[in-house]
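# Fold and geometry: a report
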Amino acid sequence: MSSSFHKHLIILDSIDSTNTYLKSIASEVNEGTIVLAEEQTAGRGRFSRAWVSQKYKNLTFSILFKPKTETDKLGLLSLRSGTAIVRGIKSSFGAIVTCKWPNDILINGKKVCGILSEVVKDSRGNTCMIVGIGINVNQTEFPVELQSLATSLAIEQHCTVDRLTLLSHLLHELEHGYQLFQAENYTDIIQEWKQNSTMLGQLISVEQDNSIITGIASDIANDGALIIQTKETSLKVYAGDVTIKKEYHT
Ligand code: BTN
């Protein structure tokens, strides 16, 4: 992996979505291939939401992994990619950055980065995982409805950020994270994610399809699922929108 990782960096001025594009070329390129676009005309977030990002201000890119691991462990690769972003931002700025399950990266409680991980088969039937990363870097204005929820590195650090230097730190961390994943260092992956998150122990609600589960975010399972302790039982959740309700004290 280390030989091919980010040796193939495709930089586009504009594309519909870097995840969609990388999916379309997954059979023809090596793992570690990265597609970065200055503009996405149909950038996608989780649950088919739009991901909107100002051109030339931010980082929107996707990475292709072709892991040999069992599919049920791929949630951990997604979690480890989140931790890699946290590490990359911390090492660049020393900011207090945290992970919110499954894959939001927050500064001061506001979202600075979102990750969309998609598992697909290429035309040869190989399992691929595309990890799409959107980081608000130098964008300083957000639509009114996002102002209390979203932030950027420039807002938090009070400076303009050199995107290429940041990208280089992030790719280094993503490669390192993938090596840990390939080495099946799953306990360390979960441990490090937990160390970088403040949500465990807190009262949360998770919205899934038409239902809402409320309980304490109690742990991360060994496949990357979130374990929620409700009044009645303990549940494993694999997808959903998490809202942290308030600080919870026993
Ligand atoms: C989320 O928070 O819902 C995930 C957002 C992921 C956005 C990134 S930007 C690069 C890549 N291409 C996409 O279309 N989406 C991801």
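To keep things clear, this report deals only with the structure shown in the data block. Being a predicted model, the structure only gives us computed values, none of them experimental. (Residues numbered from 1 in each chain as written. Predicted model: local features only at pLDDT ≥ 70, side-chain atom pairs only at ≥ 80, totals over all residues. Heavy atoms only, no water.)

The subject of this paragraph is the overall build of the protein. Of the regular secondary structure elements, the protein holds 5 helices and 12 strands. Here the protein holds 250 residues, and 54% of them are scored as buried. When the accessible surface of the protein is summed, it comes to about 12000 Å², and 49% of that surface belongs to carbon and sulfur atoms. For the protein, the centre of its 24 positive side-chain charges and the centre of its 27 negative side-chain charges are spaced 1 Å apart. (Helix = DSSP H or I, 4+ residues; strand = E, 2+ residues; numbered from the N terminus. Buried < 20%, exposed > 50% of the residue type's maximum accessible area, 1.4 Å probe, protein only. Areas by Shrake-Rupley, 256 points an atom, 1.4 Å probe, with all protein chains shown as cover. Lys, Arg positive; Asp, Glu negative; His and termini not counted. Charge placed at Lys NZ, Arg CZ, Asp CG, Glu CD.)

It is characteristic of soluble globular proteins that their nonpolar side chains tend to be buried jointly. Ranked by internal contacts, the top residues of the largest apolar core, which has 52 residues, are F61 and I85. Sequence-distant contacts of F61, that is, excluding residues within four places in its chain, are made with T18, I34, V35, L36, V131, G132, I133, L167, L170, L171 and L174. The next biggest cluster of nonpolar side chains, apart from the first, holds 13 residues, and it includes L22, V35, A37 and I130. (Core = buried A, V, L, I, M, F, W, Y, C linked by side-chain atoms within 4.5 Å. Contact = heavy atoms within 4.5 Å.)

Turning our eyes to something else, we now look at the site of the ligand. Around the ligand, the surrounding shell holds 20 residues, and the nearest of these are S17, Q40, R44, R46 and K111. In the environment of the ligand, an oxygen atom lies 2.7 Å from a nitrogen or oxygen atom belonging to the side chain of S17. R44 is positioned such that a nitrogen or oxygen atom in its backbone is 2.7 Å from a nitrogen atom of the ligand. Taking 410 Å² as the accessible area of the ligand by itself, protein coverage stands at 97%. At the level of secondary structure, the elements contributing two or more residues to the shell around the ligand comprise α1 (18-25), β3 (59-65), β6 (110-121) and β7 (127-135). Counting residues per element, the shell around the ligand draws most heavily on β6, which supplies 4 residues. Of the residues contributing to the shell around the ligand, the split by class is 5 nonpolar, 11 polar and 4 charged. (Near = heavy atom within 4 Å. Polar contact = N/O pair within 3.5 Å; in protein donor to acceptor, adjacent residues only side chain to side chain. Nonpolar A, V, L, I, M, F, W, Y, C, P; charged D, E, K, R; others polar.)

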